[in-house]
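Here is what each chain is made of, one letter per residue.
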Amino acid sequence: MNDLSLLDTFFGNAPAFYGNSANRLPCVDVIETKDTYEFSMELPGRCEKDVEISLKEDVLTIASIKGEEENKKTDGNYLIKERKFNEFKRTFSLPKDIDTEKVSACFKNGILSISIGKKPQAAEKKIAIKIA
């Protein structure tokens, strides 16, 4: 038993932030405001070049593929190797009131932020009744 395996014993099968969690999906928050839908997704270890965003009709897709560094050479043997480089694809069905012309995305400090505007709501129209 090596010193690093004590950590494994201590944490055991801990939540997704630790251990064999290569299949997990990134966390996302979605907020609806008066004028927009705001997405915020945690993507630690990735950069804007690793992420692809598409919006087709009312479906938002966020995908990323990040492969393990090819032929990474080390002078030693791994005692623990938990960092996996994987891919994910998340899709979100959006309401019909989105405005596909008002979409923006920003990547900062491992957080992907996407803003999707809403179409203005039609004003209620009063209809006058004529006397016949």
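Let us look at the structure shown here.

Quick notes on the overall build of the chain
In terms of regular secondary structure, the chain is built from 1 helix and 7 strands. The order of helices and strands in the chain, counted from the N terminus, is α-β-β-β-β-β-β-β. Counting every position in the chain, which comprises 132 residues, the buried fraction comes to 23%. When contacts within the chain are restricted to residue pairs at least 6 apart in sequence, long-range pairs at least 24 apart make up 55% of them.

Section: the pattern of salt bridges
All chains considered together, the criterion is met by 2 salt bridges. Residues Glu32 and Lys118 are paired through a salt bridge, measuring 2.6 Å at the closest nitrogen-oxygen approach. With a gap of 86 residues between them, Glu32 in strand β1 (residues 28–32) and Lys118 in strand β7 (residues 111–118) connect regions that are remote in the sequence. Owing to a relative accessible area of 13%, Lys118 belongs among the buried residues under this scheme.

Section: the pairing of strand β4 (residues 59–65)
Among the 7 residues that make up β4, 5 are buried, leaving the element largely enclosed by the rest of the structure. Judged from the 6 bridges that link them, strand β3 (residues 51–56) and β4 form a sheet pairing that is antiparallel. Note on β4: the bridge partner recorded for Ile53 is Ile62. If you look at the hairpin formed by β3 and β4, you'll find 2 residues sitting between the two strands, and Glu57 has a positive phi there, around 55°. Sheet topology note: the β4/strand β5 (residues 87–93) ladder contains 7 bridges and is antiparallel. Paired with Ala63 across the bridge in β5 is Lys89.

Brief notes about the pairing of strand β2 (residues 36–42)
Relative to β2, β1 is paired through 5 bridges, and the arrangement is antiparallel. The residue bridging Val30 from the neighbouring strand is Phe39, located in β2. Connecting the antiparallel pair β1 and β2 is a turn made up of 3 residues. Judged from the 7 bridges that link them, β2 and β7 form a sheet pairing that is antiparallel. Within β7, the position partnered with Glu42 by the bridge is Ile111.

How each quantity is defined
- Counting from 1, residues in each chain are numbered in the order their sequence is written.
- Thresholds applied to this predicted model are a pLDDT of at least 70 for local features of residues and 80 or more for the giving and counting of side-chain atom pairs; totals over whole chains, interfaces and linings are not thresholded and use all residues.
- Values reported for side chains reflect all heavy atoms of the structure, with hydrogen atoms and water molecules removed beforehand.
- The helix and strand labels rest on DSSP assignments: H or I over at least four residues marks a helix, E over at least two residues marks a strand, and numbering proceeds from the N terminus.
- Three labels apply to residues, based on accessible area from a 1.4 Å probe with only protein chains included: buried if under 20% of the type maximum, exposed if over 50%, partly exposed otherwise in between.
- By definition in these notes, contact holds between two residues if any of their heavy atoms fall within 4.5 Å.
- Think of a salt bridge as a Lys or Arg side-chain nitrogen and an Asp or Glu carboxyl oxygen that are within 4 Å of each other.
- Pairing between strands is defined by DSSP: at least two bridges between them are needed.

Geometry only, nothing functional implied.
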